[in-house]
Amino acid sequence: MSVSPAVTTLCENSDEVFLDAAKLLLTYSDNIMRFPNEEKYRSIRIGNPTFSTKLLPIKGAVECLFEMGFEEAETHLVFPRSASVNQMKLIRDSIAAERDRRLGGRQAASPITPTTPTLPTTSPITPTTPTLPTTSPTTPTLPTTSPTTPSSASAPVISAPPPPQPSSLENSMNFFATLQSNFQHVLLYENLDLQQKALSCIPEERLRSEAEIQLRGAREEDPDCKLGLEDFLVLELLRWFKQDFFSWVDHLPCSRCSGATQNSNPLQPSAEDLRWGAQRVENHYCHTCRLSTRFPRYNNPEKLLETRRGRCGEWANCFTLCCRAMGLEARYIWDSTDHVWTEVFSTSQRRWLHCDSCENGCDKPLLYEVGWGKKLAYILAFSKDQVVDVTWRYSCKHPEVLSRRMKVQESWLLHTIHRLNTSRQQSLSPERKKDLTERLLVELVEFLSPKKPKSGELGGRNSGSLAWRRARGETRKTDAGTSTEIQAAGFVFTPTEKEKMQKLLHVRYSSSRDEYCRLSNDSERIQIWDQCVWSRTSVCRKVEEDWQMVYLARTEGSSSGKVSWKFDFSSAGMKVSSVSISAKSETFHSGSVCWTLQAGERTAAFTGDGKMQDLPSVSGCSEFIIEAGLSGGEEETAWQHSQIFRQSLKETEEPSFEILVHLEDA
């Protein structure tokens, strides 16, 4: 029977892991007891590859050294002269007894002949960081059998990563604790009762029906479309989660007067808070009422199904559970620069899709580095089956990221992840293990070639107040350094073959659904308002959960904003016969919205009263731009006093914006 908590923890490891660790621990302790005056046996270099890869990641191993009497110095663990040799022997004998029990008495418990643990002459593990090619490798194909090592002749030319830097034991132990806690936490998502509770909150039938409509439309437009139902189901689930289910919290309103509050000193968590994983309780203090409103930061997704509010931690936690409840293969993504989100595996595309429920964003992995300006270092994916270092999917600046990965040694990180995965996958079938290996191989090849940013990845963060985003450095910056979010020239409406044949282009946008519907092209649907925008300056989509309203407005703190849509028929050899437009806008106080249609040197103004208006002055043009300019307003909420496409979240049938263009041959 073990005599210490540390040995008890060490005994929780598998036989193979325990015996490897026990051998080293007994070596360290026996050397000291046999040669108490030899200084070389009284210290262990933290950077020693044997220690960092074979003891540091093992549950309970380092704790055993501490219980023996070792103390942490700057670069070594040291057994001081003042430490009790009897205490060391007590721990040592307990480990030896457990070792003998597991070996069935085949190995004697006598002290080991003193040796210094062998140090490998080269790094024992290939670093987890992918090497950077000077040429782009070809797109990988999935192996039909277990992957083999590629030949050196086909390997890309690589540049060596920077040499590993020493990391403190504290850093490594903290990192290991993060790995362990997240890897354990994601098992909650596999609880069938919890999944059933999540399903009771999700309008599953409606989401699947809408996803099927989207899939049919995509396949009618492109018979070779390889996307599957789950690809569109992810989009529907993201939109529902952000628009209908979960809400963002910067500061809770005062529980007495409903007025504004400010963060004050944190409060002590109650037993009920701790039951639901809320180690932190924020104090949202009202200076008028002198009252604190508690905001426990719950970490249990079951509780979050009830509260339905929080910041990115709560959002990603609950959304990942919802994905698993819907039968989607999902994993929780942890970013060391303080953000979390989800990835969903697309069976049809054979790859993992980035999904950020806070932003209603899908497949925009460069959003954080390029759009938000994050200085990335470590991004790790946790699923029920494995941990994967996915940092390189989210960066197009690999050398910069490499220079920031100094918390732990790369060989230690790879070895630790490998140990965790080996332990978790022991009960998996050979077929599942093979599938995971093939997926990982495809990911690693993908990571070698940094991607180029897409237009949807260029904007700053939308979730959270402007002050909060500014404090985190996650707003898009202009050269002048103002907090203006800008999207460069982007989407252009051009006629499809069907629209050319019908000589008609008919588009509607619904603000409540955040969706464009191209009626003239088999009701093709495009999600998210800025995906069909030509340009935007300081304009964002705002959802008022309390009032159940949604609209486009200026970003907080901006004095003006613009958004435009472009239509070009010249490439099809066609021109405009007539244009009719309906747009909704509302203003408050001195707010102003100016609607114009620009065709070359011709400009036509129209109103935002929601009625269809004919604009004959642009007939004969081959292209035009519709623009909304937002300005005016009063005091701190001026940005909110000019709005376009304001609509109730429950009003899902009526469009907020509609364009009808009749065409003729040029």
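Refer to the preceding data block for the structure.
The notes below deal with the structure included here. Starting afresh in each chain, residues are numbered from 1 along the sequence in its written order. Selection of residues for local features in this predicted model requires a pLDDT of at least 70, selection of side-chain atom pairs for listing and counting requires 80 or more, and totals for whole chains, interfaces and linings are taken over all residues. Water and hydrogen atoms were dropped before computing side-chain values, which therefore reflect all heavy atoms in the structure.

### Quick notes on helix α16 (residues 430–448)
Logical step 1: Taking 1.5 Å per residue, 19 residues should reach 27 Å; α16 reaches 28 Å between its end C-alpha atoms and fits that length.
Logical step 2: Buried residues of α16: Arg432, Asp435, Leu436, Glu438, Arg439, Val442, Glu443, Phe447 and Leu448, and no others. In this text, helices come from DSSP runs of H or I with a minimum length of four residues, and strands from runs of E with a minimum of two, each type numbered from the N-terminal end. Take the residue count of a helix, subtract one, and multiply by 1.5 Å to get its expected span. Classification of residues uses two cut-offs on accessible area relative to the type maximum, computed with a 1.4 Å probe and protein chains only: under 20% is buried, over 50% is exposed, and between them is partly exposed.

### Things to note about the pattern of salt bridges
Logical step 1: A carboxyl oxygen of Asp or Glu within 4 Å of a side-chain nitrogen of Lys or Arg is what we treat as a salt bridge. Counting across every chain of the model gives 52 salt bridges.
Logical step 2: Ionic pairing is found between Glu190 and Arg324, a salt bridge with its closest N-O pair at 2.7 Å. Taken together, the residues span a long stretch of sequence, with Glu190 in the loop between α6 (169–185) and α7 (192–199) and Arg324 in helix α12 (residues 312–325) at a distance of 134 residues.
Logical step 3: For Glu190, a relative accessible area of 24% puts it in the partly exposed group.
Logical step 4: When the shortest N-O distance is used, the salt bridge between Glu446 and Lys451 registers 2.9 Å.
Logical step 5: Classification of Glu446 by relative accessible area gives partly exposed; the value is 22%.
Logical step 6: Here the residues in one salt-bridge network are Arg206, Glu210, Glu236, Arg239, Asp244, Arg513, Glu515 and Arg525, joined through shared partners.

### Some thoughts on the environment of Phe232
Logical step 1: Mapped onto the elements, Phe232 comes out in helix α9 (residues 229–245).
Logical step 2: Overall, the relative accessible area of 11% leaves Phe232 in the buried class.
Logical step 3: Between the alpha carbons of Phe232 and Leu207 there is a distance of 9.2 Å; along the sequence they are 25 residues apart.

### Overview of the nonpolar core
Logical step 1: Among buried residues, the Ala, Val, Leu, Ile, Met, Phe, Trp, Tyr and Cys ones that are joined through side-chain atoms within 4.5 Å form a nonpolar core. Among the nonpolar cores identified, the biggest contains 92 residues, and Phe51, Leu65 and Ile95 are the most heavily contacted of them.
Logical step 2: Contact partners of Phe51, with chain neighbours within four places excluded, come to Tyr28, Ile44, Arg45, Ile46, Leu56, Val62, Leu65, Leu77 and Leu169.
Logical step 3: By size, the runner-up hydrophobic cluster in this structure holds 39 residues, among which are Tyr509, Ile528, Val579 and Ile659. Two residues form a contact once any of their heavy atoms are found within 4.5 Å.

### Points about the packing of aromatic side chains
Logical step 1: Stacked, tilted and edge-to-face pairs are distinguished by plane angle, under 30 degrees for stacked and over 60 for edge-to-face with tilted covering the rest, among Phe, Tyr and Trp rings (Trp via its six-membered ring) whose centres lie within 6.5 Å. Tallying each qualifying case throughout the model produces 32 aromatic pairs.
Logical step 2: Seen in terms of ring centroids, Phe241 and Phe319 are 5.3 Å apart; in terms of plane orientation they differ by 75°. Their pairing is edge-to-face. A residue pair is termed long-range when its members are at least 10 positions apart, and Phe241 in helix α9 and Phe319 in helix α12 qualify at 78 residues. For the pair shown, Phe241 and Phe319 are each scored as buried.
Logical step 3: Measuring from centroid to centroid gives 5.0 Å for Phe645 and Phe657, while their planes differ by 25°, and the two rings are stacked. Of this pair, Phe645 sits in strand β32 (residues 642–648) while Phe657 sits in strand β33 (residues 657–665); the two residues are 12 residues apart in sequence, bridging distant segments of the chain. Comparing Phe645 with Phe657 shows no difference in burial state: the two are buried.
Logical step 4: Put simply, the rings of Trp240, Phe241, Phe245, Phe246, Trp248, Trp315 and Phe319 pair up and form one aromatic cluster.
Logical step 5: Charges are assigned to positions over rings by a cutoff of 6 Å between ring centre and Lys NZ or Arg CZ, combined with an angular limit of 35 degrees from the ring normal. One residue, Arg439, lies across the ring of Phe345, its end atom 3.8 Å from the ring centre.

Keep in mind these values describe shape, not function.
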